[in-house]
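# A structural walkthrough
Each chain, letter by letter, is given below.
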Amino acid sequence: MYQIACDNKIIHDVRLENRIVLSPKLNLETGKNGTLTFTLLPQNDCYNEIQQKKSIIQVFQVDKINNKFIKTELFRGTAYSVKDDFYNRKQVECEGELSFFNDSIVRPYSFQGDVETLFKQYVNNHNAQVNEEKKFTARNCTVTDPNNYITRANINYPKTKAEMDDKLINILGGHFETGELEDGTGRYIDYLANYERKATQVIEFGKNLLDITQCIKTEDVATRIIPLGKKDDNGNYLTIKDVNNGLDYVQDDAAVALFGI
């Protein structure tokens with residue numbers, strides 16, 4: 001059984017007649033924001049409770065163990081879109097709490113040091129700009145650099161989430177995980193090199209795997225590229241023609257066979 005809550009008020013529980021939403025759909029992916037969508041009916045007791053970008057929306061899995069109901073949080077985030085349809089039903093779209101880092105910016109900086117220090121610097125700077133419910137404790141960092149020394153800088157005032165992805169994930173790998181601190185005093189964020197939580201459940205089509213889709217996106221595929229160096233005094237780029245039989249490009253023959261030039 002599942003519950004959905006808004007600011008600690010239950011808005012969906014199949015056992016409560018006036019606390020039911022339609023078509024709830026939760027998408028989760030490790031290291032990503034995650035999304036939740038549902039339709040809120042006018043007769044729901046919490047119909048007017050959701051405040052966009054402010055209310056905290058949570059999804060819980062509720063299991064009965066030894067005659068006790070145990071709640072496990074699956075999702076935490078905010079509603080970024082609430083649309084009323086012809087029948088006054090609210091179409092609600094939510095993003096997970098990693099999206100909170102889009103609510104702060106990184107002011108111009110220059111950094112030299114280790115990975116953990118930069119990770120904590122991003123988180124602490126974020127915390128200084130947002131409300132209490134969107135703050136995190138930078139906890140574990142297991143991602144390292146071979147030299148234990150990195151250099152990063154930016155003068156363009158990017159959003160914190162974009163800067164963390166660009167300067168950490170895209171260069172060093174790893175992923176972010178969030179959750180509630182063990183003492184219940186707030187939220188944490190970890191920057192981890194490996195996945196520490198693994199499911200031992202066997203995946204079987206038709207049982208716990210109901211659908212599967214394979215998709216190859218080609219909008220970012222390049223089978224032939226032109227490397228460019230610095231410009232000369234006339235404003236012309238240095239190319240590889242002189243060392244590549246007069247060709248200014250290189251190509252991946254296997255990729256060309258699949259996608260063309």
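Residues numbered from 1 in each chain as written. Predicted model: local features only at pLDDT ≥ 70, side-chain atom pairs only at ≥ 80, totals over all residues. Heavy atoms only, no water.

Turning to unusual backbone geometry, a few remarks are in order. Leaving glycine aside, a negative phi is the common case for residues, and trans is the common case for peptide bonds. Its identity as a non-glycine residue notwithstanding, Asn8 has a phi of 70 degrees, on the positive side. With respect to the helices and strands, the residue Asn8 is situated in the loop between strand S1 (2-6) and strand S2 (9-12). Phi at Asn88 is positive, roughly 60 degrees, even though this residue is not glycine. Positionally, Asn88 belongs in the loop between strand S6 (68-84) and strand S7 (90-96). Residue Asn88 is classed as partly exposed on the basis of its relative accessible area of 46%. (Helix = DSSP H or I, 4+ residues; strand = E, 2+ residues; numbered from the N terminus. Buried < 20%, exposed > 50% of the residue type's maximum accessible area, 1.4 Å probe, protein only.)

This paragraph deals with the environment of Lys231. Inspection of the secondary structure puts Lys231 in the loop between strand S13 (224-225) and strand S14 (250-251). Expressed as a C-alpha distance, the spacing of Lys231 and Lys83, which sit 148 residues apart in the sequence, is 52 Å. Residues in contact with Lys231, not counting those within four places in the same chain, are Asn236 and Tyr237. (Contact = heavy atoms within 4.5 Å.)

Next up on the list: the packing of aromatic side chains. A ring pair, where both rings are aromatic, is described by two values, the distance of the centres and the angle of the planes. Taken as a whole and judged by the stated rule, the model has seven aromatic pairs. Considering the side-chain rings of Phe86 and Tyr87, the 5.3 Å spacing of their centres and the 90 degrees angle between planes classify their relative orientation as edge-to-face. Since its relative accessible area comes to 76%, Phe86 is described here as exposed. What makes Tyr87 exposed here is its relative accessible area of 56%. (Phe/Tyr/Trp six-rings, centres within 6.5 Å; stacked < 30°, edge-to-face > 60°.)

Scanning the model with the defined rule gives zero disulfides in all. Cys6 takes part in no disulfide bond, and the closest cysteine sulfur, belonging to Cys46, lies 7.0 Å away. By relative accessible area, Cys6 is classed as buried at 1%. (Disulfide = S-S within 2.5 Å.)

Let us now look at the sheet that holds strand S11 (residues 175-180). With respect to topology, three strands assemble into an open sheet ordered S9-S12-S11, the strand pairing being mixed. The open sheet is flanked by strand S9 (137-141) and S11, the only strands paired with a single partner. Geometrically, the sheet is characterised by an average inter-axis angle of 25 degrees between neighbouring strands, direction not taken into account. With three bridges joining them, S9 and strand S12 (residues 187-192) adopt parallel strand pairing. Directly across from Thr137, in S12, lies its bridge partner Tyr188. The strands touched by helix H1 (residues 115-127) are S9, S11 and S12; relative to S9, the strand with the most contacts, the crossing angle is about 160 degrees. (Pairing = 2+ DSSP bridges. Axes fitted to C-alpha atoms, helices over the stretch in contact; angles between N-to-C directions.)

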